[in-house]
Structure formats: C-alpha cells, structure tokens
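Coordinate inspection notes
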Amino acid sequence: MIRETSSGAFIFRYSKGKISFLLLQRKNGSWDLPKGHVERGETLEETAMREIFEETGLRPKIVSGFSISTSYKFKREGKLIDKKVIFFLAESSTAKVKVSEEHSGYKWVSPDKAKSLIGHKNMITPISKAHIYACKYLNIKKLNFAYALLPKHIKNWGLSKRLVPGEGPLDAQVMIIGQAPGRSEDKLLRPFIGRSGKLLDNLLFRSSIDRDKVYITSAVQFFPPDNRIPTKEEIKLCYPFLQDQLKIIRPKFIITLGRIPLGVLFPKGKLALLHGKSISSPEYTLLASYHPAAALRFKKILKIAESDFESFGKILCNRQ
Ligand code: URA
C-alpha cells in the first residue's frame, strides 16, 4: 500500500448573514474542495495555500487554530493508495473564482449542500466542524470589534485604548483567564507574552498542558497604566465581553489566575481556600490559582502555583 498526504482547505465566505463554502467541480462532474499533494519541503499550510491559488486564483486568509484530517483508500493503476488529507479553514473576501484547467466550474454552497454534493460519508463531520469553527471565528471577530470600541463610549476611560484580544483555538477545552494585560502585552497586542507569560508557559509545560491548545484571555483586556489593579467599574464594564467569549468558546475547564478573574466568575470564592481545587458547575469546571505576577514576586506563591498546576495537569489529563 502506498501512503500519500494531501493538503487543502474549506474556503468560506460570509455574506448576507450566511456562511457558504467553495466547491470545485472536476471534469468528471464530481465536487471537491481545493486540495493537492504535499510537495517536498512544503509545510501542510504552504501546500494548502499553493493549491488554493492554483485551483481558484484566490488568496484567502487562513483561520488559525483549525485543521482536520481525513483519510480514504483508492486504487490507482492497480495499486492501493492510502490517502491522508489535512484541511485548513480559510476566509475569502471575494466570491469571484478562476478555476484551473483541472476543473469545469465552482459553486459557493451552504454547509448542508456541500455535504450532499461532495457525497463522501467521511466528509460529513469535517464539514460540520469547519462550519462550527467558522461561526465561532466570525462571532469572536464581531465581539473583538465591539470590545475594541468600548474606550470610545466611556467617559474618563482610564485604561489603555488598545484591546489585547484573547488568543488560541476557538474550540479549546481549556480557557485561561488572567487579570489584565501588562505593558508588553499592550505593545504586541497578545496576552501573556511578557514576564508573567514566560512563567505561565513554564507552569503549563510542567503540567503537560499545551499552550497552543488553550484559549487565553483576561478579565479586563486593556492595559491598566502603571500595572495598577483594574477598578471594580472597569471589571464590570469588561464583564459582558468575557461572558460572550465564554459563550462562544464554551470551554470545559477554566483556569483563573489571581483573585480578580476568580472574583468575576465566583464572587464569593476566596483564592486562599480554593486554589488548586476543582469547582464544578453545569457549564464548566473552575480551577483557580495565583497570578504569575504574584508568583514572580513571592517564592511562597510560586511554590503554591507550581503545585496547583501540577494538580490541574492531572485533572485535565483524566477528564479531557
Ligand atoms: N497578565 C494578565 O492577567 N493578562 C495578560 O494578558 C498578561 C499578564
């Protein structure tokens, strides 16, 4: 048996409140997604982008955090081929497509229509997953757009006016919620990339939690000048946006870092009593620990945070 790998993408458009996927029609009449062989030296994403351009003339934007793999077997010149295909998700801003010689046409279709036109059983779940992920992506984009405008609507806004968006896969099972971005985060507009972020990376690594699989955000997503603690009013103003993120991502586990995010989700919770434990609710399991900034300042807190994360690693490994 010969093993081959291809890479391609679900290309979607959002127009008039609907998501549609791009399908290409082969000369034999069958419908497919843009995809092709991975060439030597190419990453899977590079292959997908090259194939998309060759087959459609489009250069859509890859949506980070999504990839799905399918496999099927077929015969070519009497030999059995075991084909693995990895699909990414990409957003196109245009509907105009220039199909390659290999194809006779194209169509933008609803997810259900895509399932029936492609017709392979093993594509039903990938199409559903790509559709769900595209919805989450559009919802988060809309949310971040509205959140970034918050400083414009509030008199005497006292935080940075630059939103630090949440980061990570939109279907993450684990969400980490910090307090508020620091100076480095405000500069690069990415959460937990400064000194606290390095310590968080270390805590995650020690507990075998993969940062790339976690969605990371903060209770307040604007830098408080001089690294001050956000006020009650500021936390309250940002809370609806945190709630909306929770509704979109729907994590099974939430790790709160410090008393501010714990207080937001569990107002009566005392960090000194709850850290390292798991608190279940119908929607998610809450895991609380100290903020890495506090752990950087006090050795005692660092030891507690390390032991909390060790417990979290075990809990996640058993229940994910
Ligand atoms: N501390 C936080 O709470 N959030 C960040 O994004 C960075 C540091």
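In what follows, the structure referred to is the one given above.
Residues numbered from 1 in each chain as written. Predicted model: local features only at pLDDT ≥ 70, side-chain atom pairs only at ≥ 80, totals over all residues. Heavy atoms only, no water.

1. Regarding the pattern of salt bridges
Per the stated rule, a full pass over the model turns up 19 salt bridges. Shared partners join several salt bridges into a network, and the residues in it are Glu39, Glu42, Arg50, Glu51 and Glu54. (Salt bridge = Lys/Arg side-chain N within 4 Å of Asp/Glu carboxyl O.)

2. Observations concerning the packing of aromatic side chains
Under the criterion given, the structure shown has 10 aromatic pairs. Taken together, a centroid distance of 5.6 Å and an interplanar angle of 55 degrees make the contact between phenylalanine 10 and phenylalanine 21 tilted. Note that phenylalanine 10 is positioned in strand β1 (residues 2-15) and phenylalanine 21 in strand β2 (residues 18-26), a separation of 11 residues in sequence. Note on accessibility: phenylalanine 10 and phenylalanine 21 belong to one class, buried. What links up through ring pairs into an aromatic cluster is the set Phe10, Phe21, Phe66, Phe87 and Tyr133. Looking at arginine 13, its charged tip hangs above the ring of tryptophan 108, at a distance of 5.6 Å from the centre. (Phe/Tyr/Trp six-rings, centres within 6.5 Å; stacked < 30°, edge-to-face > 60°. Helix = DSSP H or I, 4+ residues; strand = E, 2+ residues; numbered from the N terminus. Buried < 20%, exposed > 50% of the residue type's maximum accessible area, 1.4 Å probe, protein only. Lys NZ or Arg CZ within 6 Å of the ring centre and 35° of its normal.)

3. Quick look at the pairing of strand β10 (residues 253-257)
The side chains of a regular strand alternate between both faces of the sheet. Buried residues dominate β10, accounting for five of its five residues. Residues Phe253, Ile255 and Leu257 of β10 are buried on one face, and the alternating residues Ile254 and Thr256, pointing to the opposite face, are buried as well. Pairing geometry for β10 and strand β12 (residues 285-289), over five bridges, is parallel. Bridging across to β12, threonine 256 finds its partner in alanine 288. (Pairing = 2+ DSSP bridges.)

4. Notes on the environment of aspartate 226
Note on placement: aspartate 226 falls in the loop between β9 (214-218) and α7 (232-249). Judged by relative accessible area, aspartate 226 falls into the exposed class, the value being 68%. For the pair aspartate 226 and leucine 80, spaced 146 residues apart in the sequence, the C-alpha separation amounts to 64 Å.

5. Considering unusual backbone geometry
A positive phi is found at leucine 189, a non-glycine position, where the angle reads about 55 degrees. Tracing the backbone through its elements, the reader meets leucine 189 in the loop between α5 (183-188) and α6 (195-206). Its relative accessible area of 34% is what places leucine 189 among the partly exposed residues. One non-glycine residue with positive phi stands out, namely arginine 250, at about 50 degrees. With respect to the helices, strands and loops of the structure, arginine 250 is situated in the loop between α7 and β10. Of the residues examined, arginine 250 reaches a relative accessible area of 64% and is grouped as exposed.

6. Examining the environment of valine 85
Secondary-structure assignment places valine 85 in strand β6 (residues 79-91). Given a relative accessible area of 0%, valine 85 falls into the buried group. Counting along the chain gives 228 residues from valine 85 to glycine 313, while the straight-line C-alpha distance between them is 32 Å. Among all residues touching valine 85, those that are not within four sequence positions of it are Ser6, Ser7, Lys35, Ile68, Ser69, Thr70 and Tyr72. (Contact = heavy atoms within 4.5 Å.)

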